Amino acid sequence: DAGVIQSPRHEVTEMGQEVTLRCKPISGHDYLFWYRQTMMRGLELLIYFNNNVPIDDSGMPEDRFSAKMPNASFSTLKIQPSEPRDSAVYFCASSLVGGMSGELFFGEGSRLTVL
Amino acid sequence: TQLLEQSPQFLSIQEGENLTVYCNSSSVFSSLQWYRQEPGEGPVLLVTVVTGGEVKKLKRLTFQFGDARKDSSLHITAAQPGDTGLYLCAGGDNQGGKLIFGQGTELSVKP
């Protein structure tokens, strides 16, 4: 079975440009998570969805970040406008039962570099 | 806010040595998970512990959940170069479905 699929794997863009990261969760998983990983701050939860509904977006840094999940098989994380401090690896993960006791399955990540 | 602190942050040892990684919090967690991440990949689950005092073994890896469910440890016996990677502990949020991660321990095992 296919795991969590993220695209693009790598993106280099200039400050001020719009960035869209995409994620296809594992079929049948009701939870979808977006994390950001940096050396300084580790793995930070940005937002998570349950049954396509955003449940907790308290980790979203600011209004420049937005996430959507229009259906059970697709989610996007958009940054507009992007800034150099947004450079990080962004991970999408899905889970059958959520974080309290369920395993999170991670994609391979999208490495974003903002110049 | 629930936080998880891991120690040490970095660990470099020789093949065959033993090591312990710690994960501590001031909060009680309903469960704790340990993940391992290799460069260029996402974290992969190693184990989940849910009961205070629980001990789980996975080959040369031993995981323990504290009695008060505020801390956990990972012990590796006779480390091998293949154990090299980033080890992350993660706690299940008591009020929802989110998973909070510690900063991680970067382990390097030299042959």
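Refer to the structure printed above.
Residues numbered from 1 in each chain as written. Chains lettered and ligands numbered in written order. Predicted model: local features only at pLDDT ≥ 70, side-chain atom pairs only at ≥ 80, totals over all residues. Heavy atoms only, no water.

Trainee: Would you mind showing me how to read the nonpolar core here?
Mentor: One broad trend across soluble globular proteins is that nonpolar side chains are buried collectively. With 21 residues, the main nonpolar core has Trp34(A), Leu77(A) and Tyr90(A) as its most contacted residues. Elements that contribute at least two residues to this core include exactly strand S3 (19–24), strand S4 (31–38), strand S5 (42–50), strand S7 (65–71), strand S8 (74–79), strand S9 (88–95) and strand S11 (110–114) of chain A. Core analysis: the next-biggest nonpolar cluster, separate from the first, contains 20 residues, Val21(B), Val47(B), Phe63(B) and Cys89(B) among them. (Core = buried A, V, L, I, M, F, W, Y, C linked by side-chain atoms within 4.5 Å. Buried < 20%, exposed > 50% of the residue type's maximum accessible area, 1.4 Å probe, protein only. Helix = DSSP H or I, 4+ residues; strand = E, 2+ residues; numbered from the N terminus.)

Trainee: Is there a simple way to explain the side chain of Gln37(A) in this structure?
Mentor: Counting through the fold element by element, Gln37(A) comes out in strand S4. Looking at Gln37(A), the relative accessible area reads 15%, which means it is buried. Within the structure, the side chain of Gln37(A) is placed 2.9 Å from the side chain of Gln37(B), a separation counted as a polar contact. (Polar contact = N/O pair within 3.5 Å; in protein donor to acceptor, adjacent residues only side chain to side chain.)

Trainee: Help me understand the interface of chain B and chain A in this model?
Mentor: Bring the parts together and some accessible area is lost; that lost area is often taken as the interface size. Each side of the interface is counted separately: chain B has 22 residues, and chain A has 24 residues. Put simply, chain B and chain A have one salt bridge between them. Salt-bridge contacts for Lys98(B) lead to Asp56(A); the nearest nitrogen and oxygen are separated by 2.9 Å. On inspection of chain B and its partner chain A, the count reaches seven residue pairs in polar contact (both at pLDDT 80 or more). (Contact = heavy atoms within 4.5 Å. Salt bridge = Lys/Arg side-chain N within 4 Å of Asp/Glu carboxyl O.)

Trainee: Honestly, the sheet that holds strand S3 (residues 19–24) of chain B in this entry has me stumped. Any pointers?
Mentor: Picture the strands of a sheet paired through backbone hydrogen bonds; they go either parallel or antiparallel. All names here are of chain B. Strand order in the open sheet formed by five strands is S1-S3-S8-S7-S6, with antiparallel pairing between adjacent strands. Each edge of the open sheet carries a strand with a single partner, namely strand S1 (5–7) and strand S6 (55–58). Neighbour-to-neighbour, the strand axes of the sheet open up by a mean angle of 15 degrees, direction not taken into account. For strand S7 (residues 61–65) and strand S8 (residues 71–76), the ladder comprises five bridges, and the chain directions are antiparallel. Directly across from threonine 62, in S8, lies its bridge partner histidine 75. (Pairing = 2+ DSSP bridges. Axes fitted to C-alpha atoms, helices over the stretch in contact; angles between N-to-C directions.)

Trainee: Even after reading the chapter, I still don't get the packing of aromatic side chains, so can you show me in this structure?
Mentor: Each pair of aromatic rings is reported with the distance of its centres and the angle of its planes. If you walk through the whole model with that rule in mind, you get 11 aromatic pairs over all chains. Relative to Tyr48(A), the ring of Tyr31(A) has its centre 6.3 Å away and its plane inclined at 25 degrees; by these criteria the two rings are stacked. Remark: Tyr48(A) occurs in strand S5 and Tyr31(A) occurs in strand S4; sequence separation between them is 17 residues. Ring geometry for Phe33(A) and Tyr48(A): centres 5.4 Å apart, planes at 20 degrees, overall stacked. You can see Phe33(A) sitting in strand S4 and its partner Tyr48(A) sitting in strand S5, a full 15 residues away along the chain. Among the aromatic residues, ring-to-ring pairing joins Tyr31(A), Phe33(A), Tyr35(A), Tyr48(A), Phe91(A), Phe106(A), Tyr35(B) and Phe101(B) into one connected group. (Phe/Tyr/Trp six-rings, centres within 6.5 Å; stacked < 30°, edge-to-face > 60°.)

Trainee: Please clarify how the pattern of salt bridges should be interpreted in this entry.
Mentor: Pairs can form between side chains of opposite charge once their charged atoms are near each other. All names here are of chain A. Going through the model one piece at a time under the given rule, you end up with 13 salt bridges over all chains. Where arginine 41 meets glutamate 44, a salt bridge forms, and the shortest distance between an N and an O atom there is 2.7 Å. By relative accessible area, which is 17% here, glutamate 44 ends up buried. Salt bridges sharing partners connect three or more residues here, namely Glu62, Arg64, Glu83, Arg85 and Asp86.

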